[in-house]
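Here is how the chains run, residue by residue.
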Amino acid sequence: MIFITLALDREKCLWDNRTMLANANQMRALVNFFHSGTKLTYSKGEFIIRPGESPPGIFYLEQGLVKAYDITKYGEENLLIIRKTGELLGLTWAITGEDRHIIYAALAPTTAWVVPRAGFTEFVRENPETSLPVIDMLTDMYRLHSERIMTLEYRTVRERLISFLLTTGQRFGQKTPSGTRITVPLKHQDIASSISATRETTSRALSELERKGQIKTEQSFATIIDETTLRNFL
């Protein structure tokens, strides 16, 4: 299992220094609304939404990491995205009403607030200024899924793996003297499913990058050491 290291910053985790439509007050109003809901805590590995369950509401992640995945027809987990502090679970379902039966599980101790879908949509309608942080989140979701599509366009497993590491490092990375540490608990199978490769091939590609000194794994942590070389390879 690889752990790609993450520093959680509640103030900055959503914004990531990008230009956003919403301001801090509008985001705070949305968060305060969620605080009127039910507070839930989850241990690492615990399901938030189990296989076959429909979402009980819309979740705001106050702290933690959540893996969103589905099960392929071959019975394997297919990693879709990792959600982090400051993000919402079930946002697309809240707006469209379409339940894709996505499974959510905590990758770390997680605290979340949940509100009913009807209450969420009514709140946004009655407080249109809070639609701006919602638009920001939807835009970020679109960007993340677009990045995954672009990753899958690379022909070789090595290229797709490097693209995955770089985009994951950009989203969850922490700068250290050794390089960019990423802390997201990911099994080789999680990475493999995300880049459309087998676990064995993915493991070999990771080992090759480590032998070349471009990444480092130590005590279950991975660090991107030579980001320039990796980017140049793409």
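Residue positions are counted from 1 within each chain, in the order its sequence is given. A pLDDT threshold of at least 70 governs which residues receive local features in this predicted model, and a stricter bar of 80 or more applies before side-chain atom pairs are shown or counted, although totals over entire chains, interfaces and linings include all residues. The side-chain quantities take in all heavy atoms of the structure and omit both hydrogens and water.

Details of the sheet that holds strand β4 (residues 58-63)
Operational definition: At least two DSSP bridges between two strands are required for those strands to pair. Each helix is a run of DSSP H or I of at least 4 residues and each strand a run of E of at least 2, with the numbering of both proceeding from the N terminus.
Read across the sheet, four strands follow the order β2-β9-β4-β7 without closing on themselves; strand pairing throughout is antiparallel. The outermost strands of the open sheet, each flanked by one partner alone, are β2 (38-42) and β7 (88-89). Where β4 lies against strand β9 (residues 110-115), five bridges are found, and the strand directions are antiparallel. Bridge assignment links isoleucine 58 to a residue of β9, and that residue is valine 115.

Thoughts on the nonpolar core
Let me state the cut-off plainly: Grouping buried Ala, Val, Leu, Ile, Met, Phe, Trp, Tyr and Cys residues that are joined through side-chain atoms within 4.5 Å yields what is termed a nonpolar core. In this scheme, a residue with accessible area under 20% of its type's maximum is buried, one over 50% is exposed, and one in between is partly exposed, where area comes from a 1.4 Å probe on protein chains only. Whether two residues touch is decided by their heavy atoms; if any such pair falls within 4.5 Å, the residues are in contact.
Ranked by size, the top nonpolar core spans 24 residues in total, and within it Ile82, Leu161 and Leu165 carry the most contacts. Of all elements in the fold, only β6 (77-84), α5 (157-172), β11 (179-186) and α7 (199-211) reach the threshold of two or more residues within this core. A total of seven residues in this core trace back to one element, the largest contributor, which is α5. Residue contacts for leucine 161: discarding those within four places in its chain leaves Ile191, Ile195, Thr202, Ala205, Leu206 and Leu209. Ranked by size, the runner-up nonpolar core spans 19 residues in total, among them Tyr60, Leu88, Phe120 and Met137.

What about the packing of helix α1 (residues 24-34) against helix α4 (residues 131-152)?
Selection criterion: Geometry is summarised by axes, namely lines fitted to C-alpha atoms with helices restricted to the contacting stretch, and by angles between N-to-C directions that run from 0 to 180 degrees. An angle counts as roughly parallel when it lies under 35 degrees, as roughly antiparallel when it exceeds 145, as roughly perpendicular when it falls between 65 and 115, and as oblique in every other case. Polarity classes work like this: nonpolar for Ala, Val, Leu, Ile, Met, Phe, Trp, Tyr, Cys and Pro, charged for Asp, Glu, Lys and Arg, and polar for all others, with Gly in that last group.
Two elements in contact, α1 and α4, have axes separated by 8 Å at closest approach and are oriented at 90 degrees. Taken together, the axes of α1 and α4 are roughly perpendicular relative to one another. Touching Gln26, Met27 and Leu30 of α1 are Leu132, Pro133, Val134 and Met137, all from α4. For the contact of α1 with α4, the class distribution of residues is six nonpolar, one polar and no charged.

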